[in-house]
Amino acid sequence: MSQQDTEQQATISRVTTGMRVVDSTGADVGTVDLVQRGDPNAVTVQGTPNADPGSSLDELIESTAVEEPDVPADLAARLLHSGYLKVSTELVPTGAVYVLADRIAAVADGELRLTVPAADLPSEE
């Protein structure tokens, strides 16, 4: 882990659900819904090419269940690798945006400040 990765993990470990999120302009984004620490060994989530067609219904339901993060695969890989927050917000139609760990400027007084404006955050699909 690089020094930067270590610092990001230290920062994200201070984040708790329900914390208020403010973007770089000072605008209220929403509240933290989910905190996921980074996994440098995370692999991209792909469909299983060798899935047994005789799989049980339970396995089928499990494989089609919505996984977090609910974003395109390339972004999901980055989020899982670096760590991310899911933030409930009224700013997007889907009701949630994702924040990469490296977009967190500071965590203080029960509030999380971002390094980017809310418009730059990827929304849930």
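Residues numbered from 1 in each chain as written. Predicted model: local features only at pLDDT ≥ 70, side-chain atom pairs only at ≥ 80, totals over all residues. Heavy atoms only, no water.

## Thoughts on the overall build of the chain
Right, so step 1: Counting its regular elements, the chain contains 3 helices and 6 strands.
Right, so step 2: Ordering the α and β elements of the chain from the N terminus gives α-β-β-α-α-β-β-β-β.
Right, so step 3: Looking at the chain as a whole, 34% of its 125 residues qualify as buried.
Right, so step 4: A separation of at least 24 residues holds for 60% of the contacts in the chain among residues at least 6 apart in sequence.
Right, so step 5: On the chain, roughly 7,500 Å² of surface is accessible, and the fraction owed to carbon and sulfur atoms is 49%. (Helix = DSSP H or I, 4+ residues; strand = E, 2+ residues; numbered from the N terminus. Buried < 20%, exposed > 50% of the residue type's maximum accessible area, 1.4 Å probe, protein only. Contact = heavy atoms within 4.5 Å. Areas by Shrake-Rupley, 256 points an atom, 1.4 Å probe, with all protein chains shown as cover.)

## With respect to the pairing of strand β2 (residues 28-37)
Every other side chain in a regular strand lies on the same face of the sheet, so the side chains alternate between the two faces.
Right, so step 1: Sheet topology note: the strand β1 (residues 20-22)/β2 ladder contains 3 bridges and is antiparallel. By the bridge assignment, Val 22 is partnered in β2 with Asp 28.
Right, so step 2: What sits between the antiparallel neighbours β1 and β2 is a turn of 5 residues, in which Gly 26 has the positive phi angle 90°.
Right, so step 3: Bridge analysis of β2 against strand β3 (residues 83-88) gives 6 bridges, and the strand direction is antiparallel. What sits directly across from Val 35, in β3, is Leu 85. (Pairing = 2+ DSSP bridges.)

## Points about the packing of aromatic side chains
Right, so step 1: Applying the stated criterion to the full structure yields 1 aromatic pair.
Right, so step 2: On the numbers, 5.7 Å between centres and 65° between planes, the contact of Tyr 84 with Tyr 98 is edge-to-face. Of this pair, Tyr 84 sits in strand β3 while Tyr 98 is found in strand β4 (residues 96-100), placing the two residues 14 residues apart along the sequence. In terms of burial, Tyr 84 and Tyr 98 fall into one category: buried. (Phe/Tyr/Trp six-rings, centres within 6.5 Å; stacked < 30°, edge-to-face > 60°.)

## So, the nonpolar core
Right, so step 1: The biggest cluster of nonpolar side chains holds 19 residues, and the ones touching the most others in it are Val 15, Val 29, Leu 85, Ile 104 and Leu 112.
Right, so step 2: Going through the elements one at a time, β2, β3, β4, β5 (104-108) and β6 (111-114) are the ones with two or more residues in this core.
Right, so step 3: Those residues in contact with Val 15 that lie beyond four places of it in its chain are Val 32, Val 35, Leu 85, Ile 104, Val 107 and Leu 112.
Right, so step 4: In terms of nonpolar packing, the next biggest core, distinct from the first, is built from 8 residues, Val 71, Ala 76, Leu 79 and Leu 80 among them. (Core = buried A, V, L, I, M, F, W, Y, C linked by side-chain atoms within 4.5 Å.)

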